[in-house]
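Survey of secondary and tertiary structure
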Amino acid sequence: MDDELALGSIETQVAMLIRLGEATRRSSPRPHRALDRAAYVILRLLKESGPQNISAVAHRLNLDGSTVTRQVGAMHRDALVERSADPDDGRGTVIAATAEGLAQVEAVSKARRELYDVVLKDWTGQERRDLATVLERFTRDMDSYIKGRGPQ
């Protein structure tokens, strides 16, 4: 397959993967749907990196600060995160996942891993590891590309 055909296939497969991921989330019972996409990615970041200020979360997730502030407000009302003043910048806010937030993100993550285990049941361990490696690289390179473009 030449580069142009490969790029066309990648474009189509990424679009299909996004659509299938959303369709799976919508059609699955809890806990797949326990968190919306925004809450899930913010809680995953907080679980992996610990408390963060809103600006750091926005930068890491390539989102506008006001968007993250709105999402965090909803998450705070749902007791998924707690907010405190940023000790390094009195104007800022630091958010941390609550025990409930961590429990919910773990439940969603576990349900997704179980689903992927079923979907990939005929894949060898090496094929699964290869897919994980390629997806991690693709995600990292997309993130670098977005961050390198600067404000739009």
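Residues numbered from 1 in each chain as written. Predicted model: local features only at pLDDT ≥ 70, side-chain atom pairs only at ≥ 80, totals over all residues. Heavy atoms only, no water.

Considerations on the overall build of the chain
Spelled out, the test is: Only runs of H or I of at least four residues qualify as helices and only runs of E of at least two qualify as strands under DSSP, and these elements are numbered from the N terminus. Any residue under 20% of the maximum accessible area for its type is buried, any over 50% is exposed, and the rest in between are partly exposed; the area is computed with a 1.4 Å probe on protein chains only. What makes two residues a contact is simply this: any of their non-hydrogen atoms within 4.5 Å.
Secondary structure assignment for the chain yields six helices and three strands. Mapped from its N terminus to its C terminus, the chain presents α and β elements in the order α-α-β-α-α-β-β-α-α. Judged by the C-alpha coordinates and their principal axes, the chain covers about 55 × 35 × 25 Å. When each of the 152 residues of the chain is scored for burial, the buried share is 26%. For the chain, long-range pairs separated by at least 24 residues make up 49% of all intrachain contacts whose partners lie at least 6 apart in sequence.

A word on the sheet that holds strand 1 (residues 52–53)
The test is simple: The rule for pairing is simple: two strands pair if DSSP sees at least two bridges between them. Only the contacting stretch of a helix is used when fitting its axis, a line to C-alpha atoms as for every element, and angles between N-to-C directions run 0 to 180 degrees.
Taking strand neighbours across the sheet as the criterion, the three strands line up as 1-3-2 in an open arrangement whose pairing is antiparallel. The open sheet has two free edges, formed respectively by strand 1 and strand 2 (81–86), since each of these has just one partner strand. Packing of helix 2 (residues 37–49) onto the sheet brings it into contact with strand 1, strand 2 and strand 3 (89–97), and relative to strand 3 it is tilted by some 95°. Packed onto the sheet, helix 4 (residues 65–77) meets strand 2 and strand 3 and runs at close to 125° relative to strand 2.

A word on the packing of helix 2 against helix 5 (residues 99–119)
Heads up, the rule is: For classification purposes, angles smaller than 35 degrees are called roughly parallel, those larger than 145 roughly antiparallel, those between 65 and 115 roughly perpendicular, and all remaining angles oblique. Classification convention: Asp, Glu, Lys, Arg as charged; Ala, Val, Leu, Ile, Met, Phe, Trp, Tyr, Cys, Pro as nonpolar; all other residues, Gly among them, as polar.
For the pair helix 2 and helix 5, the least separation of the axes is 10 Å and the interaxial angle reads 105°. One finds that helix 2 runs roughly perpendicular with respect to helix 5. Residues Tyr40, Leu43, Arg44 and Lys47 of helix 2 form the contact with helix 5, whose own contacting residues are Gly101, Leu102, Val105, Glu106, Val108, Ser109 and Arg112. Split by residue class, the contact of helix 2 with helix 5 holds five nonpolar, two polar and four charged.

Comments concerning unusual backbone geometry
The phi torsion at asparagine 62 lies on the positive side, around 60°, for a residue other than glycine. Residue asparagine 62 is classed as partly exposed on the basis of its relative accessible area, which comes to 34%. For alanine 79, which is not a glycine, the phi torsion comes out positive at approximately 60°. Structurally, the position occupied by alanine 79 is in the loop between helix 4 and strand 2.

Focus on the pairing of strand 2
On a regular strand, one side chain projects to one face of the sheet and the next to the other, so that they alternate. Summarising the sheet, strand 2 and strand 3 pair through six bridges and their orientation is antiparallel. Along strand 3, the bridge assignment pairs valine 81 with alanine 97. Linking strand 2 back to strand 3 in an antiparallel pair, the connection comprises two residues.

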